[in-house]
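# Structural features, examined
Residue-level listing of the chains:
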Amino acid sequence: MSILVTGGAGFIGSHTCVELLNAGYDPIILDNLCNSKSESVKRIKEITGKDVKFYKCDIRDREGLDKVFAENKIDAVIHFAGLKCVPESISNPLEYYDNNIGGSVVLCEAMAAAGCKKIVFSSSATVYGSENPSPLKEDMPEGKTTNPYGTTKLYIERILKDTCASDSEWSACLLRYFNPIGAHKSGRIGEDPNGIPNNLVPYITQVAIGKLDHLNVNGDDYPTPDGTGVRDYIHVVDLALGHLKAVEKVLGENGCFTYNLGTGNGYSVLEVVKAFEKACGKPVKYVIAPRRPGDIATCYSDPSKAKEELGWEAVRGIDEMCEDSWRWQSQNPDGYGD
Ligand code: NAD
Ligand code: UFG
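Residues numbered from 1 in each chain as written. Chains lettered and ligands numbered in written order. Predicted model: local features only at pLDDT ≥ 70, side-chain atom pairs only at ≥ 80, totals over all residues. Heavy atoms only, no water.

## Comments concerning the overall build of the protein
This is how the line gets drawn: Secondary structure is summarised from DSSP: a helix means a run of H or I of at least four residues, a strand means a run of E of at least two, and numbering begins at the N terminus for each. Here's how the labels work: a residue is buried when its accessible area is under 20% of the maximum for its type, exposed when over 50%, partly exposed in between, all with a 1.4 Å probe on protein chains only. Values of accessible area rely on a 1.4 Å probe in the Shrake-Rupley scheme; residue burial ignores everything except the protein chains shown.
Looking only at helices and strands, the protein features 11 helices and 14 strands. C-alpha atoms of the protein, sized along the principal axes, occupy 55 × 45 × 40 Å. Burial analysis of the protein (338 residues in total) assigns 55% to the buried set. Looking at the protein as shown, the accessible area adds up to about 14100 Å², and 49% of this sits on carbon and sulfur atoms.

Below is the structure:
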């Protein structure tokens, strides 16, 4: 089975390609490398001992996509490609709407033209907005998104729902990720953010390795047990394995399906700091800073629908997530390098 993986050179995509290869699938990576390096593709091959086709191509490039579909018999698409930086989306919304929404439309058009109508899409817990209480369930109303990045995820979900409703040959799994962290056990692939990280764990790893002086804990006055924000951190390998189940789902049944991919457990910022200190064996310096605009107090999943319908659940805990993030960071202090 050939699976086209858009954004396959990125953090979640690279881990998913490893699991696809291990399970006997034939992933084909398509990535414009705007937020990743081709070195990750080399390392996917190194970890699995298998070859992977790679196309440097933009999802907005219809001719390029048509060529990929003409050269390969693709059974399904896992669509990771997209821009994901919340503050950048606020300062440059048009780039986000063009890349994420425009790109998804071009991709679906190319898929339909090639007769491949099975897609797994990277959505986000951000579509629940701030109004819904945790644990978040798939049948809750979508919330009001607070930034253009979140709005792109909400609109792409709607575009895929409408597409499935218009043509019964389509099948889509909308996967709402919670907070992916961790890395492959080998320490050879992991998250490699550009510049100063926005997200908690990449920031902590750079403090621990000495690249950043201290972590700013954004708010300690939230209505949570220790006052800091609570999130549902999920190991990226568990997340990757969820995509294999979602691929089986779209290959086996037509329609549009929505699943949370989370653990169902919430950890506060200070609990993550503690778990990370245990993993790296040294203190992580932090200071309490103001709240970050747009942040919510608590966000964690009810993961039961994915367990019941896909037979998937996350099994890796917070200690393992932190150990694996630290192994990746300490073995690759400069990520994939230049
Ligand atoms: P990432 O930036 O590491 O991976 C995305 C990949 O897509 C990159 O390799 C990038 O080069 C590529 N890309 C971007 N625009 C492209 C385009 N127009 N054409 C071709 N390739 C393009 O990010 P990630 O963390 O692996 O996230 C993967 C997906 O999951 C994204 O859609 C993201 O929005 C979504 N998601 C991520 C998180 C998270 O916290 N990491 C949470 C929820 C959802
Ligand atoms: N935090 C800090 N200091 C930092 C970074 C983060 O205290 O330097 C805190 C945040 O305030 C929050 C928690 O750590 O309480 C997690 O923050 P992240 O930025 O790691 O994750 P978010 O939950 O804010 O955002 C993530 C993705 C978004 C996505 C959202 C919902 O980055 O793209 O989950 O799915 F929209």
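What follows continues from the structure just given.
## Things to note about the packing of helix H1 (residues 11-22) against helix H2 (residues 39-48)
Quick reminder of the rule: Working convention: axes come from line fits to C-alpha atoms, limited for helices to the stretch in contact. Angles between N-to-C directions cover 0 to 180 degrees. Crossings are sorted by hand: turned counterclockwise from the far helix by less than a right angle, the near helix makes the crossing left-handed, and turned clockwise it makes it right-handed. In this analysis, two residues are considered to be in contact whenever any of their non-hydrogen atoms come within 4.5 Å of each other. Side-chain classes are defined by residue name, with Ala, Val, Leu, Ile, Met, Phe, Trp, Tyr, Cys and Pro counting as nonpolar, Asp, Glu, Lys and Arg as charged, and the others, Gly among them, as polar.
Between H1 and H2, the shortest axis-to-axis distance is 10 Å and the interhelical angle comes to 30°. Viewed along their axes, H1 and H2 form a crossing whose handedness is right-handed. Residue-level inspection shows Ser 14, Cys 17, Val 18, Leu 21 and Asn 22 of H1 in contact with H2, the latter providing Ile 44, Ile 47 and Thr 48. Across the contact of H1 with H2, the residue classes break down as 5 nonpolar, 3 polar and no charged.

## Things to note about the sheet that holds strand E1 (residues 2-6)
The cut-off we apply is this: Should DSSP find at least two bridges between two strands, the strands are regarded as paired.
Read from one edge to the other, the open sheet built from 7 strands follows the order E3-E2-E1-E4-E5-E6-E11, with strand pairing classed as parallel. Of all strands in the sheet, those with a lone pairing partner are strand E3 (53-56) and strand E11 (255-261), marking the two edges. This sheet shows a mean twist of 20° between the axes of neighbouring strands, independent of strand direction. Here helix H8 (residues 236-252) sits on the sheet and contacts E1, strand E4 (76-79), strand E5 (118-124), strand E6 (171-177) and E11; the angle it forms with E6, its principal contact strand, is near 160°.

## Topic: the site of ligand 1
Stated precisely, the cut-off is as follows: Nearness here has a simple test: a residue counts as near a molecule or strand if at least one of its heavy atoms is within 4 Å of that partner. The term polar contact refers here to a pair of N or O atoms within 3.5 Å; inside protein, the definition further demands a hydrogen-donor-capable atom paired with an acceptor-capable atom, and it admits residues adjacent in sequence only when both atoms are side-chain atoms.
For ligand 1, the set of nearby residues contains 28 residues, the closest of which are Asp 31, Asn 35, Ser 36, Lys 84 and Tyr 149. Gly 10 places a polar main-chain atom, nitrogen or oxygen, 3.3 Å from an oxygen atom of ligand 1. One nitrogen or oxygen atom from the side chain of Asn 99 is found 2.8 Å from a nitrogen atom belonging to ligand 1. In isolation ligand 1 has 820 Å² of accessible area, and contact with the protein removes 95% of it. Looking at the shell around ligand 1, the elements that each hand over two or more residues are H1, E5 and helix H6 (148-166). Tallying contributions element by element places E5 first for the shell around ligand 1, with 3 residues. Here the shell around ligand 1 is built from residues that sort into 13 nonpolar, 10 polar and 5 charged.

## Here we look at the site of ligand 2
Around ligand 2 lies a shell of 20 residues, among which Ser 124, Asn 199, Asn 216, Arg 231 and Asp 295 are the nearest. Calculation on ligand 2 without its partners gives an accessible area of 690 Å², and the protein chains cover 88% of this total. For the shell around ligand 2, the secondary-structure elements that each account for two or more residues are helix H7 (200-208) and strand E8 (215-218). Broken down by element, the residue count for the shell around ligand 2 peaks at 4 residues, all from E8. Looking at the shell around ligand 2, its residues break down into 9 nonpolar, 8 polar and 3 charged.

## Section: the pairing of E5
Under the convention used in this document: Handedness of a crossover: with both strands directed away from the viewer, a clockwise path from the first strand across the helix to the second marks it as right-handed.
Counting buried positions along E5 gives 7 out of 7 residues, so the element sits mostly inside the fold. Of the two faces of E5, the one carrying Lys 118, Val 120, Ser 122 and Ser 124 and the one carrying Ile 119, Phe 121 and Ser 123 are both buried. By the bridge criterion, 3 bridges tie E4 to E5 in an arrangement that is parallel. The residue of E5 that forms the bridge with Val 77 is Ile 119. Where E5 meets E6, 7 bridges bridge the pair, whose relative direction is parallel. When the bridges of E6 are listed, Val 120 appears paired with Cys 173. The handedness of the E5 to E6 crossover, carried by H6, is right-handed.

## Digging into the pairing of E6
Within E6, 7 of the 7 residues are buried, which leaves the element mostly enclosed by the surrounding structure. The alternating pattern of E6 places Ser 171, Cys 173, Leu 175 and Tyr 177 and Ala 172, Leu 174 and Arg 176 on opposite faces, both of which are buried. Two elements, E6 and E11, share 7 bridges in a ladder whose sense is parallel. Within E11, the position partnered with Leu 174 by the bridge is Thr 258.

## Digging into the nonpolar core
Operational definition: What we call a nonpolar core is a set of buried Ala, Val, Leu, Ile, Met, Phe, Trp, Tyr and Cys residues that are connected through their side-chain atoms within 4.5 Å.
Counting 41 residues, the largest nonpolar core has Ile 3, Val 120, Cys 173 and Leu 175 as the members making the most contacts within it. Of all the elements in the fold, those that place two or more residues in this core are E1, H1, H2, E4, E6, H8, E11 and helix H10 (304-310). Looking at which element gives the most residues to this core, the answer is H8, with 7 residues. Leave out the neighbours within four places in its chain, and Ile 3 touches Leu 20, Tyr 25, Asp 26, Pro 27, Ile 28, Ala 76, Ile 78 and Val 247. Among the nonpolar cores identified, the runner-up in size contains 27 residues, and Val 77, Val 106, Trp 170 and Ala 172 belong to it.

## A closer look at the packing of aromatic side chains
Quick reminder of the rule: We call Phe, Tyr and Trp rings a pair once their centres come within 6.5 Å, taking the six-membered ring for Trp, and we label the pair stacked below 30 degrees between planes, edge-to-face above 60, and tilted otherwise. Two conditions define a charge located above a ring, namely a distance within 6 Å from the ring centre to NZ of Lys or CZ of Arg, and an angle within 35 degrees of the ring normal.
Summed over all chains, the structure comprises 2 aromatic pairs. Relative to Trp 326, the ring of Phe 276 has its centre 5.9 Å away and its plane inclined at 85°; by these criteria the two rings are edge-to-face. Placement of Phe 276 in helix H9 (residues 269-280) and of Trp 326 in helix H11 (residues 318-331) is noted, with a sequence separation of 50 residues between them. Ring geometry for Trp 328 against Tyr 336: centres 5.0 Å apart, planes inclined by 55°, an arrangement best described as tilted. Taking the relative accessible area as the measure of exposure, Trp 328 reaches 4% and is therefore buried. Of the residues examined, Tyr 336 reaches a relative accessible area of 11% and is grouped as buried. Sitting over the face of the ring of Tyr 128, Arg 176 holds its NZ or CZ atom 4.8 Å from the ring centroid.

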